[in-house]
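Survey of secondary and tertiary structure
Below, each chain spelled out in residue letters.
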Amino acid sequence: MEIATKHKAKKDKKRQAEFVRWFGPLLDALRELGYSGKPQEVSNKIAETLKLEDSFLDETLKSGTNRFHNQVAWARQYLTWEGLLDSSVRGTWKLTEKGKNTYLNYDQAHQLFLKWVEINQKARKNKNKTEVISEQEEQSPEEVEISAEANLLEVLQNISPSGFERVCKELLREHGFENVEVKGGSHDGGIDGQGVLEINPFVSFKVLFQCKRYKGSVSRAQVGDFRNAMIGRAEKGIIMTTGTFTNEAVKEANRDGAPQIELVDGQKLIKMFEKVELGLKPKIVYEVDLSYFNKFRD
């Protein structure tokens, strides 16, 4: 029993530091993308370059968020603290001049990681190093800095399925959709509702949508079933979920020769709520910039 416990602890410790392996590839990916890119774009470039398996890319955390993308986000956070990425541009990851000329192997990345774990641990005296690293495994950088009692994703995951459909209806309305209707109990072919999106006075689209109140991942087959149900009935389809989409589901949604389906996962869903401040109250939060104060430590 003791050997098994030690083995599990060793495995967990290795797992907790897994995001360190993305430090170098993240810098390389941004160089390939012209020194800047959107978070998902950067993650996709790393996965493509390193030929990562779909089974790995589809892993999720206990919260239902994607493990790989969360790890890449933490790699970005450490590189930002080190001054290799610019944190001033919201929603875009950008290399600094220092970052453009920095190449990291795993040993160098690990030393950088240990340096900033120690700084974070000292800044948060109620946490030891193991607890600091453990938080980073299961939470996003933003969640660790701002730990809200009522996390939006958790709230959405705990309302009723019909309640989630109704709140998605309101969200679509806030984002410019008209004549939005929820089909109620019929769920015709997996279609939960419909609406109209007017692009300009001459062009508008009928859109069908599906709402999945998940903590897990939406599969390729589920995307395919939804497309089959909407063919001939609407020009566009949207699947909204509080969970994630498997890599194969994303490929199916964008398959050539088939009607494209927009995929909105939990993280994108949160951003949509934040953009229109639906069910949210804005709040100013000041985050300590540890990289700024680090130069005054000596």
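Below is a summary of the structure that appears in this document.

Reading guide: rules and limits
Residues numbered from 1 in each chain as written. Predicted model: local features only at pLDDT ≥ 70, side-chain atom pairs only at ≥ 80, totals over all residues. Heavy atoms only, no water. Helix = DSSP H or I, 4+ residues; strand = E, 2+ residues; numbered from the N terminus. Buried < 20%, exposed > 50% of the residue type's maximum accessible area, 1.4 Å probe, protein only. Polar contact = N/O pair within 3.5 Å; in protein donor to acceptor, adjacent residues only side chain to side chain. Contact = heavy atoms within 4.5 Å. Axes fitted to C-alpha atoms, helices over the stretch in contact; angles between N-to-C directions. Parallel < 35°, antiparallel > 145°, perpendicular 65-115°, else oblique. Left-handed = near helix turned anticlockwise from the far one by under 90°. Nonpolar A, V, L, I, M, F, W, Y, C, P; charged D, E, K, R; others polar.

Here we come to unusual backbone geometry. The backbone phi angle of K51 is positive, close to 50 degrees, even though this residue is not glycine. Mapped onto the elements of the fold, K51 is located in the loop between α3 (39-50) and α4 (54-57). What makes K51 exposed here is its relative accessible area of 68%. Here E277, not a glycine, exhibits a phi torsion of approximately 55 degrees, which is positive. Position of E277 relative to the elements: it lies in the loop between α14 (266-276) and α15 (290-294). Take E277: its relative accessible area is 45%, and that puts it in the partly exposed class.

This brings us to the side chain of E18. Assignment of secondary structure puts E18 in the loop between α1 (2-16) and α2 (23-32). Classification of E18 by relative accessible area gives buried; the value is 15%. A polar side-chain atom of E18 sits 2.9 Å from a polar atom in the side chain of Q71. The residues touching E18, leaving out its near neighbours within four places in the chain, are F56 and Q71.

With that settled, consider the packing of helix α11 (residues 161-174) against α14. Interaxial distance between α11 and α14 falls to 10 Å at its minimum, and their mutual angle equals 55 degrees. The angle between α11 and α14 falls in the class oblique. Crossing of α11 over α14 shows left-handed handedness. Counted together, F164, V167, L171 and E174 of α11 and L269, M272, F273 and V276 of α14 form the full contact between these two elements. Here the residues of the contact of α11 with α14 are counted per class, giving 7 nonpolar, no polar and 1 charged.

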